[in-house]
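# Notes for the structure review
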Amino acid sequence: MFHGLPVSTVESDLFDLVLKGGSVVLPDATVTTDVYVRGEMIAAIGGTGKAAAELDCTGLTILPGVIDTQVHFREPGATESEDLESGSRAAVLGGVTGVFEMPNTRPTTSTPEALADKLARARNRMWCDHAFYIGATVDNADRCGELEKLAGTAGIKVFMGSSTGNLLISEDTMLERVLRSGVRRVAVHAEDEDRLKERMNLRVAGDAASHPVWRDDESALRATDRVLHLARKTGRRVHILHVTTPQELALISRHRDIASCELTPQHLTLAGEDVYPRLGTLAQMNPPIRSGAHRDGLWHWLGQGMPDVIGSDHAPHSLESKNRSYPSSPSGMPGVQTLLPLMLDHVANERLTLRRLVDLTSAGPQRLFGLVRKGRIAVGYDADFSIVDLRASWTIEERWLASKCGWSPFVGKRLTGRPVGTVIRGKRVMWEGELLGEPAGMPLRFDATDRPAS
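Reference entry: report on the structure contained in this document. Keep in mind it's a predicted model, so treat the numbers as computed, not measured.

## Side note on the pattern of salt bridges
- Taken as a whole, this structure holds 34 salt bridges when the rule is applied.
- Arg 236 serves as the salt-bridge partner of Glu 148, at 3.0 Å between the closest nitrogen and oxygen. Of this pair, Glu 148 sits in the loop between helix 3 (144–147) and strand 9 (153–159) while Arg 236 sits in the loop between helix 7 (217–234) and strand 11 (238–240), and the two are 88 residues apart along the sequence. Arg 236 carries the same exposure label as Glu 148, and that label is buried.
- As a salt-bridge pair, Arg 418 and Glu 432 come within 3.3 Å of each other at their nearest N and O atoms. Here Arg 418, found in strand 15 (residues 414–424), pairs with Glu 432, found in the loop between strand 16 (427–431) and strand 17 (434–435); they are 14 residues apart in sequence, far enough to count as distant.
- Owing to a relative accessible area of 22%, Arg 418 belongs among the partly exposed residues under this scheme.
- For Glu 432, a relative accessible area of 44% corresponds to the partly exposed category.
- Through salt bridges with shared partners, a single ionic network connects Glu 40, Asp 129, Arg 373, Lys 374, Asp 382, Asp 384 and Arg 425.

The following block contains the structure:
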């Protein structure tokens, strides 16, 4: 049984904020109670106390702050589709409190200078907390151990299949060099470049449904098998991003000591038989949306406890570019703002529990990547909350979207479960669809790079 203490006697000072009467998802239970905040941190759970500000959460559910571990915010280089301000605005409107942003910008984020530039661009412009991946290249492969220690980085990202600029690491000898340099978990886009090149002739002009024929199951399975072999050989932990096939999950399940993995809401929600005829190139992403059987297979493995996190792979492009005839159209779709709503709808439809969702979006990212003071509602942790109405029935409308690209494959979709509020380090950032204050996101901290004050 959960028992709160009269917290006003713990410290005589006034609390800064109290979240009143919500259903709070704690690490070991879900209870209706009050959560007290002092400064940027959770100061007490339950009991009674006085606070300078009160947030009425009656009838709402308070989750630990949702962390999206894979977004592409396109800055610098493609800011006509997205930038750090607009992408993070979309995040907090969708109930997301922190993001890991990817390195395939122009120029790529593959040097200390490029990372410093992104951190500077984010200051006073990003609404949510953030970290930036460093991209592995042929030029920095032996320096990855040095680069992964830089404050503000989520670690090293490897693209095994076609990507931007010099970020492609397609050969095993180079990939092994990356894995031997450093100790943090390496994030991997696993598609086999040689197979993709061999099968390019299978793309059908004007037919986006040929995208998963070209980038087939084997291209993903082959790359995943290769990187797992090298991870075993080098003793390095790897994180396989946006897994799309049940076969990959079965393979990863045999290497859990060195391998973690991610699923996306898109691959858990969409089926190729429906989405390509309906949306065409708007459904095009890498790895592809596959069949309904693939989607059902991913859900089977989610039920087996396999995926560690859910990431959106938010990768926006303008409608003008997406409307080019396939295969001239770019791959990628927005997703950071719809990650939590889609997964809440899956909870409502009993495909997973709310506690499992919290593990996939809060506790899982903290556990895998060593985030400091994030991922759970507990005293001493950052006061990050994603506040949701589990019963709200609503429809995703274009006007709700904040991404610069202005579209989503989920426009018109009816959902149950809606983000109501976003609180980051004790500050209300979003409430009932309205932004509050000014952008004040800060770099996320990690065990591997954190230097506590003495």
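## Considering the sheet that holds strand 12 (residues 259–263)
- The strand order 6-7-8-9-10-11-12-13 describes an open sheet built from 8 strands, whose pairing is parallel. Each end of this open sheet is capped by a strand with a single partner; those strands are strand 6 (66–71) and strand 13 (309–310).
- Two elements, strand 11 and strand 12, share 3 bridges in a ladder whose sense is parallel. Bridged to His 239 within strand 12 is Ser 260.

## Thoughts on the packing of helix 4 (residues 172–180) against helix 7
- As a packed pair, helix 4 and helix 7 sit with axes 10 Å apart at the nearest point and diverge in direction by 45 degrees. With respect to helix 7, the axis of helix 4 lies oblique. Handedness of the helix 4/helix 7 crossing: right-handed. Where helix 4 abuts helix 7, its residues Asp 172, Leu 175, Glu 176, Leu 179 and Arg 180 lie against Arg 226, Val 227, Leu 230, Ala 231, Lys 233 and Thr 234.
- Partitioning the contact of helix 4 with helix 7 into residue classes produces 5 nonpolar, 1 polar and 5 charged.

## So, the environment of Ser 329
- Assignment of secondary structure puts Ser 329 in the loop between helix 12 (319–322) and helix 13 (339–348).
- Judged by its relative accessible area of 4%, Ser 329 is buried.
- For Ser 329 and Thr 281, which are 48 residues apart along the polypeptide, the C-alpha to C-alpha distance reads 6.7 Å.
- Sequence-distant contacts of Ser 329, defined by excluding residues within four places in its chain, comprise Thr 281, Gln 284, Ser 321, Lys 322 and Arg 324.
- One polar contact links Ser 329 to Gln 284, side chain to side chain, over a distance of 2.6 Å.

## Remarks on the pairing of strand 14 (residues 385–395)
- Two strands pair when backbone bridges link them, and strand 5 (residues 61–64) and strand 14 are joined in this way by 4 bridges, in the antiparallel orientation. Looking at strand 14, one finds that Leu 63 is bridged to Ser 386.
- Bridge count between strand 14 and strand 15: 8 bridges; the pairing is antiparallel. When the bridges of strand 15 are listed, Ser 386 appears paired with Thr 422.

## Quick notes on helix 7
- For helix 7, with 18 residues, the first-to-last C-alpha span of 26 Å sits near the 26 Å given by 1.5 Å per residue.
- Those residues of helix 7 that sit buried are Ser 219, Ala 220, Ala 223, Thr 224, Arg 226, Val 227, Leu 228, Leu 230, Ala 231 and Thr 234.
- Looking one or two residues past helix 7, Gly 235 carries a phi angle of roughly 75 degrees, positive in sign.

## Considerations on the packing of aromatic side chains
- Enumeration according to the criterion identifies 5 aromatic pairs in this entry.
- Plain terms: the ring middles of Phe 100 and Tyr 133 are 6.2 Å apart, the flat faces sit at 75 degrees to each other, and that makes the pair edge-to-face. Highlighted residues: Phe 100 in strand 7 (residues 96–101) and Tyr 133 in strand 8 (residues 129–135), separated in sequence by 33 residues. For the pair Phe 100 and Tyr 133, one class covers both residues: buried.
- Measuring from ring centre to ring centre gives 5.1 Å for Trp 394 and Trp 400, while their planes differ by 75 degrees; the resulting arrangement is edge-to-face. Taken individually, Trp 394 and Trp 400 each receive the classification buried, so the pair is uniform in this respect.
- Pairwise contacts between aromatic rings join Phe 100, Tyr 133, Phe 369 and Phe 446 into one cluster.
- In this structure, Arg 203 packs its charged tip against the face of Trp 214, placed 4.9 Å from the ring centre.
- One cation-aromatic arrangement involves Arg 215 over Trp 214; the distance from NZ or CZ to the ring centre is 4.7 Å.

What counts as what
Residues numbered from 1 in each chain as written. Predicted model: local features only at pLDDT ≥ 70, side-chain atom pairs only at ≥ 80, totals over all residues. Heavy atoms only, no water. Salt bridge = Lys/Arg side-chain N within 4 Å of Asp/Glu carboxyl O. Helix = DSSP H or I, 4+ residues; strand = E, 2+ residues; numbered from the N terminus. Buried < 20%, exposed > 50% of the residue type's maximum accessible area, 1.4 Å probe, protein only. Pairing = 2+ DSSP bridges. Axes fitted to C-alpha atoms, helices over the stretch in contact; angles between N-to-C directions. Parallel < 35°, antiparallel > 145°, perpendicular 65-115°, else oblique. Left-handed = near helix turned anticlockwise from the far one by under 90°. Contact = heavy atoms within 4.5 Å. Nonpolar A, V, L, I, M, F, W, Y, C, P; charged D, E, K, R; others polar. Polar contact = N/O pair within 3.5 Å; in protein donor to acceptor, adjacent residues only side chain to side chain. Expected span 1.5 Å × (residues − 1). Phe/Tyr/Trp six-rings, centres within 6.5 Å; stacked < 30°, edge-to-face > 60°. Lys NZ or Arg CZ within 6 Å of the ring centre and 35° of its normal.

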